[in-house]
Amino acid sequence: VAGQVRPWFVFFECSVTILLWLVLAMVQSSGDLQSALGSKAGLDSIWEARTDLRIAGPECEDIRHEAWRWLTYQFTHVGVTHV
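Keep in mind it's a predicted model, so treat the numbers as computed, not measured. (Residues numbered from 1 in each chain as written. Predicted model: local features only at pLDDT ≥ 70, side-chain atom pairs only at ≥ 80, totals over all residues. Heavy atoms only, no water.)

### A few points about the overall build of the protein chain
Looking only at helices and strands, the protein chain features 4 helices and 2 strands. For the protein chain, the N- to C-terminal ordering of α and β elements is α-α-β-α-α-β. The C-alpha atoms of the protein chain give 16 Å as radius of gyration, which overshoots the globular expectation for 83 residues (12 Å, by more than 25%). Across its three principal directions, the C-alpha atoms of the protein chain cover 55 × 35 × 20 Å. Taking all 83 residues of the protein chain together, the buried fraction comes to 28%. Across the protein chain, every contact between residues at least 6 apart in sequence was considered, and the portion connecting residues at least 24 apart equals 41%. (Helix = DSSP H or I, 4+ residues; strand = E, 2+ residues; numbered from the N terminus. Rg over C-alpha atoms; globule rule 2.2 N^0.38 Å. Buried < 20%, exposed > 50% of the residue type's maximum accessible area, 1.4 Å probe, protein only. Contact = heavy atoms within 4.5 Å.)

### Notes on the side chain of His77
In this fold, His77 is placed in strand β2 (residues 76–78). Separated by 3.0 Å, the side chain of His77 and the backbone oxygen of Gln74 make a polar contact. Other than its neighbours up to four places away in sequence, His77 contacts Thr17, Trp21, Ser39, Lys40, Ala41, His82 and Val83. (Polar contact = N/O pair within 3.5 Å; in protein donor to acceptor, adjacent residues only side chain to side chain.)

### What to know about the pattern of salt bridges
Tallying each qualifying case throughout the model produces 6 salt bridges. The partner of Asp44 in a salt bridge is Lys40, and the shortest N-O contact between them spans 3.1 Å. Using a relative accessible area of 9% as the deciding quantity, one classes Asp44 as buried. Note that Asp52 is salt-bridged to Arg54, the shortest N-O span being 2.6 Å. Using a relative accessible area of 17% as the deciding quantity, one classes Asp52 as buried. (Salt bridge = Lys/Arg side-chain N within 4 Å of Asp/Glu carboxyl O.)

### Some remarks on the nonpolar core
Counting residues in each nonpolar core, the largest one holds 5 residues, listed as Trp21, Leu24, Ala25, Ala36 and Ala41. No other element matches helix α1 (residues 8–28), which puts 3 residues into this core. Setting aside anything within four residues of it in sequence, one finds Ala36 in contact with Trp21, Ala25, Met26 and Ser29. (Core = buried A, V, L, I, M, F, W, Y, C linked by side-chain atoms within 4.5 Å.)

Read these as geometric descriptors, not functional statements.
See below:
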């Protein structure tokens, strides 16, 4: 359709999310595809409990001021169906 622009950023973001999850899931599972398909992977694999979206930390500390969590949570998924 004339005048429409392809959503390149969405394509890029989805590709990065899928690739990041796939690579880190395979690294965590030592190359075992069956266990990789159900594993939690993504940015949380690199910085555990620092990128997910939550109100309180593991010791009940207030982490609502950590604004980066609003953007980075989307790069961690649990299992292939979640991606």
